[in-house]
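Examination of the molecular architecture
This is what each chain is made of:
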Amino acid sequence: MTETALDADTDTDTDTLRARALTGLTTARERTTLLTSCVEDPDLTAQHSPLMSPLVWDLAHIGNQEELWLLRTVAGREAMRPEIDGLYDAFEHPRSERPSLPLLPPAEARRYAAEVRGRVLDLLESARFDGSRLTEAGFAFGMIAQHEQQHDETMLITHQLRTGPQALTAPDPEPAPLFTGPAEVLVPGGPFTMGTSGEPWALDNERPAHRREVAPFFIDTAPVTNGAYRAFIDDGGYDDERWWTKEGWAHVRRHGLRAPLFWRPDGGQWLRRRFGVTEVVPPDEPVLHVCWYEADAYARWAGRRLPTETEWEKAARFDPATGGSMRYPWGDADPGPEHANLGQRHLRPAPAGSYPGGESPLGVRQLIGDVWEWTASDFLPYPGFRPFPYKEYSEVFFGPEYKVLRGGSFAVDPVACRGTFRNWDYPIRRQIFSGFRTARSGTV
């Protein structure tokens, strides 16, 4: 297994770690600023969906978590504003209640987050990257950069749910030749190393590295497209109980689901709303905004199934030449624009089959970026799991209520996305940037 760890014992490596932490924090804050400055204050304080917080809550929560972990826990400083801790505790108040709280108004939330960041940057100049697990290799700084980017993705989801004129713009992905390669790839059976023990900023649910045995299976070369999913719709997929789990069928009937979220029929075509713009659904893009029940039903209709989380990770990380597991499908190098659609560079997935530079050694594409991919697996701990730095990050979510998603989306920053990264959500969720690919067992 290839395990990348940064040694903080030398001045050079300390400088590298400090630069990496600064880049992660700065990139996240630039994105937060974009997402909270492109609309007027009423849009920041409004709740655009009961599933989401007001944008101004996310803004102050980002600052509060940064203060809590970097200034108070790492630096041992007194709380700047202890009276607001409860307001921004994600476990104390569900999202539906947050608009009624006495939240900091936009200008004050900005000042608070900016003041915290200024003190954190001062701290970073003299920070040590050893002495405790929290500070080793700059983990606490990396955790906060990832936390902010995760909330940036959440805020981008809020922007998609928001009604009104377009507020965000970004260039479309570069045009790519139509992919004409094989529809599926054989992943050989045998052992592989899942998870990580050496990735310095990996979160607790990604740890530890451990061996898994996997039977041979086929997996789609690229995510399922809008065009392919429309065939499921046109064939009456939403009206045929055969393709759905009992819970999924009940959910479809109860809520009248007929297509992915944000789609609507218009004559003989389908339209979708995307960040305030209505457009024809592009047939060659990966399907987006489907829940786990829809992904599972499509796979059954197609005579296939969703891959397990273990299968997905083997397809993404296994190198048959060495028998080891890589950080990413393309190797151990950090993601670049040639590898994947990440970081909100674009506000849509790239066409299926894009990014040949990000292809895995087995020939699977777009495993990182574009759309989160539902897997068949429940969110469970790995053997030897230990919660860190707090139980509420992962442990309280373990169980059959949550399904695992892998790979990240166009809305995910590289700092919060890697071959071992695990996401999870309820199987009913559709507002997230979720798609899927299918698999089947066997060698022929």
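Quick summary incoming for the structure in this document. (Residues numbered from 1 in each chain as written. Predicted model: local features only at pLDDT ≥ 70, side-chain atom pairs only at ≥ 80, totals over all residues. Heavy atoms only, no water.)

With that out of the way, let us pick up the packing of aromatic side chains. For any pair of aromatic rings, the description consists of the separation of the ring centres together with the inter-plane angle of the planes. The final tally for this structure, using the stated rule, is 30 aromatic pairs. Both rings, one in phenylalanine 91 and one in phenylalanine 397, keep their centres 6.1 Å apart while their planes meet at 45°; by these two values the pair is tilted. Taken as a pair, phenylalanine 91 in the loop between α3 (55–74) and α4 (106–126) and phenylalanine 397 in the loop between β10 (372–379) and β11 (399–406) lie far apart in primary sequence, 306 residues in all. Since its relative accessible area comes to 49%, phenylalanine 91 is described here as partly exposed. Both rings, one in tyrosine 238 and one in tryptophan 244, keep their centres 5.5 Å apart while their planes meet at 50°; by these two values the pair is tilted. Across this residue pair, the class does not change: tyrosine 238 and tryptophan 244 are buried. Aromatic ring contacts, followed pair by pair, group Trp69, Phe91, Phe379, Phe385, Tyr390, Tyr393, Phe397, Phe398, Tyr402, Trp424 and Tyr426 into a single cluster. (Phe/Tyr/Trp six-rings, centres within 6.5 Å; stacked < 30°, edge-to-face > 60°. Helix = DSSP H or I, 4+ residues; strand = E, 2+ residues; numbered from the N terminus. Buried < 20%, exposed > 50% of the residue type's maximum accessible area, 1.4 Å probe, protein only.)

Turning our attention to the pattern of salt bridges. Inspection of every chain in the model, using the stated rule, returns 39 salt bridges. Taking the shortest distance from any N to any O, the salt bridge between arginine 440 and glutamate 184 comes out at 2.6 Å. Taken as a pair, arginine 440 in strand β14 (residues 439–441) and glutamate 184 in strand β1 (residues 184–187) lie far apart in primary sequence, 256 residues in all. Relative accessible area serves as the criterion here: at 23%, glutamate 184 is assigned to the partly exposed category. Between arginine 300 and aspartate 296 there is a salt bridge, with its nearest N and O atoms 2.7 Å apart. Residue arginine 300 and its partner aspartate 296 are both found in helix α8 (residues 292–301); the two are separated by four residues, about one turn of the helix. (Salt bridge = Lys/Arg side-chain N within 4 Å of Asp/Glu carboxyl O.)

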